[in-house]
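# Summary of the model geometry
Okay, here's what each chain looks like letter by letter:
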Amino acid sequence: GGEEAVAFVRNKKVDLVVLDMILTGEMDGFETYRQILELHPGQKAIIASGFSETDRVQKTHALGAGVCIRKPYTLQQLSVAVWKELQESEEETFTL
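This text gives an overview of the structure that appears in the document.

Once that is clear, we can look at helix α2 (residues 29-39). Those residues of α2 that fall on the buried side of the exposure criterion are G29, F30, E31, T32, Y33, I36 and L37. Of the surrounding secondary structure, the elements contacted by the buried residues of α2 are α1 (2-10), β1 (17-20), β2 (45-49) and α3 (55-63). Between a side-chain oxygen at the N-terminus of α2 and the backbone nitrogen of F30 the separation is 3.3 Å; the capping residue is D28.

Written out as structure tokens, the structure reads:
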């Protein structure tokens, strides 16, 4: 759930977060990402959702999350999304 994700990253830096938009507990993917950004501004993320681009997905993109992959997704689709998000991060670092 979202609460556990926020607790996990509270004291740890991660390269990428994979956000599910519907989580157990009180927080959805948008709220989870919003709270993670308070701890780690600029945190890279991709979105996994079984639904099309909902309002919450669009708001999560607006916060800075990258690609949205639709469930059920393949390992190849997940790898491409992860690669793309991390590659963009790397390009930003090297082109400054």
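After that view, the rundown keeps rolling.
Further remarks concern the packing of α1 against α2. Two measures define how a pair of helices packs: the angle their axes make with one another and the distance between the axes. It is the contact of α1 with α2, at a shortest axis distance of 9 Å, that shows an interaxial angle of 15°. Between α1 and α2, the crossing angle belongs to the class labelled roughly parallel. The handedness of the crossing between α1 and α2 is right-handed. From α1, G2, A5, V6, V9 and R10 reach across to α2, where they touch T32, Q35, I36 and L39. Grouping the constituent residues of the contact of α1 with α2 by class yields 5 nonpolar, 3 polar and 1 charged.

Conventions we followed
Residues numbered from 1 in each chain as written. Predicted model: local features only at pLDDT ≥ 70, side-chain atom pairs only at ≥ 80, totals over all residues. Heavy atoms only, no water. Buried < 20%, exposed > 50% of the residue type's maximum accessible area, 1.4 Å probe, protein only. Helix = DSSP H or I, 4+ residues; strand = E, 2+ residues; numbered from the N terminus. Contact = heavy atoms within 4.5 Å. Polar contact = N/O pair within 3.5 Å; in protein donor to acceptor, adjacent residues only side chain to side chain. Axes fitted to C-alpha atoms, helices over the stretch in contact; angles between N-to-C directions. Parallel < 35°, antiparallel > 145°, perpendicular 65-115°, else oblique. Left-handed = near helix turned anticlockwise from the far one by under 90°. Nonpolar A, V, L, I, M, F, W, Y, C, P; charged D, E, K, R; others polar.

All quantities given are derived from atomic positions and should not be read as evidence of function.
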